[in-house]
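Breakdown of the fold
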Amino acid sequence: MLFCLICTDKPNALELRLANRDAHLKYWGDAGCVKIGGPFTNDDQSVMNGSMLVIDVDNRAKAEALVENDPYNKAGLFQSTEIRAWKWLLGPKE
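Here's a quick rundown of the structure. This one's a predicted model, so the numbers in the text were calculated from it and none came from an experiment.

Our next topic: the overall build of the chain. Broken down by element type, the chain carries 3 helices and 4 strands. In terms of C-alpha radius of gyration, the chain reaches 13 Å, essentially the compact-globule figure of 12 Å for 94 residues. Reported as C-alpha extents along the three principal axes, the dimensions of the chain are approximately 35 × 30 × 20 Å. By residue count, 32% of the 94 residues in the chain fall in the buried class. Counted over contacts in the chain with a minimum sequence separation of 6, partners at least 24 positions apart contribute 69%. With an accessible surface of roughly 6,100 Å², the chain has 50% of that area assigned to carbon and sulfur atoms. Averaging the positions of the 11 positive and the 13 negative side-chain charges in the chain gives two centres separated by 5 Å.

Structural data, given as structure tokens:
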């Protein structure tokens, strides 16, 4: 089942994001469930300020557990997180 994870960073948290970025990328790479993902940015893409991932997992509980253990979340980077069931409709599926 697909879920879209929408995470918004706390204000002025770029240093915290950068300090945990390698661990975050390794965590999601090792999870093996990410279909697409990347950071939200400001309009000129010079500052990352959130994350969006589409993951394929068995159920919402698994999605919630993955978000809970994300190094960014554990470091206190996120102001908010949203987990939404998602249906793939447009674009290539790999």
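Now for the sheet that holds strand 2 (residues 34-41). Two orientations exist for strands paired in a sheet by backbone hydrogen bonds: parallel and antiparallel. The strand order 2-3-1-4 describes an open sheet built from 4 strands, whose pairing is antiparallel. What marks the edges here is a single partner per strand, and that holds for strand 2 and strand 4 (78-85). Taking the axes of each pair of neighbouring strands and ignoring which way they run, one obtains an average angle of 15 degrees across the sheet. Examined bridge by bridge, strand 1 (residues 2-9) and strand 3 (residues 48-56) share 7 bridges and lie antiparallel to one another. Of the residues in strand 3, the one forming a bridge with Leu2 is Asp56. Helix 1 (residues 14-31) rests against strand 1, strand 2, strand 3 and strand 4 of the sheet, and its axis sits at about 15 degrees to strand 3. Contacts between helix 2 (residues 60-69) and the sheet are confined to strand 1, strand 3 and strand 4, with strand 4 contributing the most and set at about 160 degrees to the helix.

Let us look at helix 1. Given a rise of 1.5 Å per residue, 18 residues ought to cover 26 Å, and the 24 Å separating the end C-alpha atoms of helix 1 matches this to within 8%. Where helix 1 bends most, the angle comes to about 55 degrees, and this point is Arg21. At its buried positions, helix 1 is contacted by strand 1, strand 2, strand 3, helix 2, helix 3 (71-74) and strand 4.

For the structure on display, the rule yields 3 salt bridges. Between Arg17 and Asp9 there is a salt bridge, and its shortest N-O distance comes to 2.7 Å. Judged on exposure class, the residue Arg17 and its partner Asp9 are both buried. Measuring nitrogen to oxygen at the nearest pair gives 3.6 Å for the salt bridge that ties Arg84 to Glu82. By relative accessible area, Glu82 is classed as partly exposed at 37%.

Time to look at helix 2. Among the residues of helix 2, Ala63, Leu66 and Val67 are the ones counted as buried. Projection of helix 2 onto a plane perpendicular to its axis shows the buried side chains occupying an angular sector of 95 degrees, all on one side. Turned more than 90 degrees off the buried face of helix 2, the exposed positions are Ala61 and Glu68. In this fold, the buried residues of helix 2 make contact with strand 1, helix 1, strand 3, helix 3 and strand 4. With a side-chain oxygen positioned 3.2 Å from the backbone nitrogen of Ala61, the residue opening helix 2 is Asn59.

Procedures and definitions
- Residues numbered from 1 in each chain as written.
- Predicted model: local features only at pLDDT ≥ 70, side-chain atom pairs only at ≥ 80, totals over all residues.
- Heavy atoms only, no water.
- Helix = DSSP H or I, 4+ residues; strand = E, 2+ residues; numbered from the N terminus.
- Rg over C-alpha atoms; globule rule 2.2 N^0.38 Å.
- Buried < 20%, exposed > 50% of the residue type's maximum accessible area, 1.4 Å probe, protein only.
- Contact = heavy atoms within 4.5 Å.
- Areas by Shrake-Rupley, 256 points an atom, 1.4 Å probe, with all protein chains shown as cover.
- Lys, Arg positive; Asp, Glu negative; His and termini not counted.
- Charge placed at Lys NZ, Arg CZ, Asp CG, Glu CD.
- Pairing = 2+ DSSP bridges.
- Axes fitted to C-alpha atoms, helices over the stretch in contact; angles between N-to-C directions.
- Expected span 1.5 Å × (residues − 1).
- Bend = angle between axes of the 7 residues up to and from the residue.
- Salt bridge = Lys/Arg side-chain N within 4 Å of Asp/Glu carboxyl O.
- Arc of directions from axis to C-beta.
- Polar contact = N/O pair within 3.5 Å; in protein donor to acceptor, adjacent residues only side chain to side chain.

Structural measurements only, silent on function.
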